[in-house]
Amino acid sequence: MHDWTVALSSYLSSGIYPVAAAFEEDVVRLISERNGLDFIRIDLGAANTGADLLAAFAAALHFPSYFGRNWDALYDCLADLSWRPACGYALLLVGFEALSGRAGAELAPAAGL
């Protein structure tokens, strides 16, 4: 279990952290909101393909209409969240483990990365 107060207190703590249980999700949400972060829960549990994953991100983050529904567009929207002004963001990916087991080669890292 992480010290979420520290991890969510500054962009200097940015990173990817595992959330072990549902009760930790509630703690992460509470601390994120207390620190002025825009907390977004992205459920990947129903995603079976890259298109499903992109759709899950687009729906959860309310991507603008110009979102191109491809990997480059996902990067662009995640790198510039100007339509969701906040002092920072906490994205919680739920169901990622199951997705990685189902998606196969479509979501496998490219060779050399």
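For the structure itself, look to the data block above.
Predicted, not measured: the structure shown is a model, and the values here were computed from it.

A. Structural view of helix H4 (residues 71-79). Of all the positions in H4, only Ala 73, Leu 74 and Cys 77 are classed as buried. Each buried residue of H4 lies within a common arc of 105° when the element is viewed along its axis, so the set occupies one face. Residues of H4 that are exposed and angled more than 90 degrees away from the buried face: Asp 72, Tyr 75 and Ala 79. Residues of H4 that are buried sit in contact with helix H3 (50-61). With a side-chain oxygen lying 3.1 Å from the backbone nitrogen of Asp 72, the N-terminal cap of H4 falls on Asn 70.

B. Representation of the side chain of Arg 84 within the structure. Structurally, the position occupied by Arg 84 is in the loop between H4 and strand E2 (89-94). According to the relative accessible area criterion, Arg 84 is buried, its value standing at 15%. Contacts of Arg 84, omitting those with residues within four sequence positions, involve Asp 38, Ile 40, Ala 60, Leu 61, His 62 and Tyr 89.

C. Broad picture of the nonpolar core. Within the largest apolar cluster, 16 residues are counted, with the highest numbers of intra-cluster contacts made by Ile 42, Leu 44, Phe 57, Phe 63, Phe 67 and Leu 74. Those elements giving two or more residues to this core turn out to be strand E1 (38-43), H3 and H4.

D. Quick look at H3. When the terminal C-alpha atoms of H3 are compared, their 17 Å separation across twelve residues agrees well with the 16 Å that a helix rising 1.5 Å per residue should span. If you check which residues of H3 are buried, you get Gly 50, Leu 53, Leu 54, Ala 56, Phe 57, Ala 58 and Leu 61.

E. Looking closely at the packing of aromatic side chains. Summed over the entire model, instances satisfying the criterion amount to three aromatic pairs. Members of the aromatic cluster, joined through ring pairs, are Phe 63, Phe 67 and Trp 83.

F. Broad picture of the packing of H3 against H4. Running from N to C, H3 and H4 cross one another at 25°; their axes reach a closest spacing of 11 Å. Between H3 and H4, the interaxial angle falls into the category roughly parallel. Crossing of H3 over H4 shows left-handed handedness. Contact residues: H3 offers Gly 50, Leu 53, Leu 54, Phe 57 and Leu 61, while H4 offers Trp 71, Leu 74 and Leu 78. Per-class residue counts for the contact of H3 with H4 are seven nonpolar, one polar and no charged.

G. Quick look at the environment of Trp 83. As for its placement among the helices and strands, Trp 83 is situated in the loop between H4 and E2. Residue Trp 83 is classed as partly exposed on the basis of its relative accessible area of 25%. Between the C-alpha atom of Trp 83 and that of His 62, which follows or precedes it by 21 residues, the distance is 8.9 Å. When neighbours within four sequence positions are excluded, Trp 83 is seen to be in contact with Leu 61, His 62, Phe 63, Pro 64, Tyr 66 and Cys 77. Polar side-chain contacts of Trp 83 include one of 3.2 Å to the backbone oxygen of Leu 61. A polar contact is formed between the side chain of Trp 83 and the backbone oxygen of His 62, at a distance of 3.1 Å.

Definitions and limits used
- Residues numbered from 1 in each chain as written.
- Predicted model: local features only at pLDDT ≥ 70, side-chain atom pairs only at ≥ 80, totals over all residues.
- Heavy atoms only, no water.
- Buried < 20%, exposed > 50% of the residue type's maximum accessible area, 1.4 Å probe, protein only.
- Helix = DSSP H or I, 4+ residues; strand = E, 2+ residues; numbered from the N terminus.
- Arc of directions from axis to C-beta.
- Contact = heavy atoms within 4.5 Å.
- Polar contact = N/O pair within 3.5 Å; in protein donor to acceptor, adjacent residues only side chain to side chain.
- Core = buried A, V, L, I, M, F, W, Y, C linked by side-chain atoms within 4.5 Å.
- Expected span 1.5 Å × (residues − 1).
- Phe/Tyr/Trp six-rings, centres within 6.5 Å; stacked < 30°, edge-to-face > 60°.
- Axes fitted to C-alpha atoms, helices over the stretch in contact; angles between N-to-C directions.
- Parallel < 35°, antiparallel > 145°, perpendicular 65-115°, else oblique.
- Left-handed = near helix turned anticlockwise from the far one by under 90°.
- Nonpolar A, V, L, I, M, F, W, Y, C, P; charged D, E, K, R; others polar.

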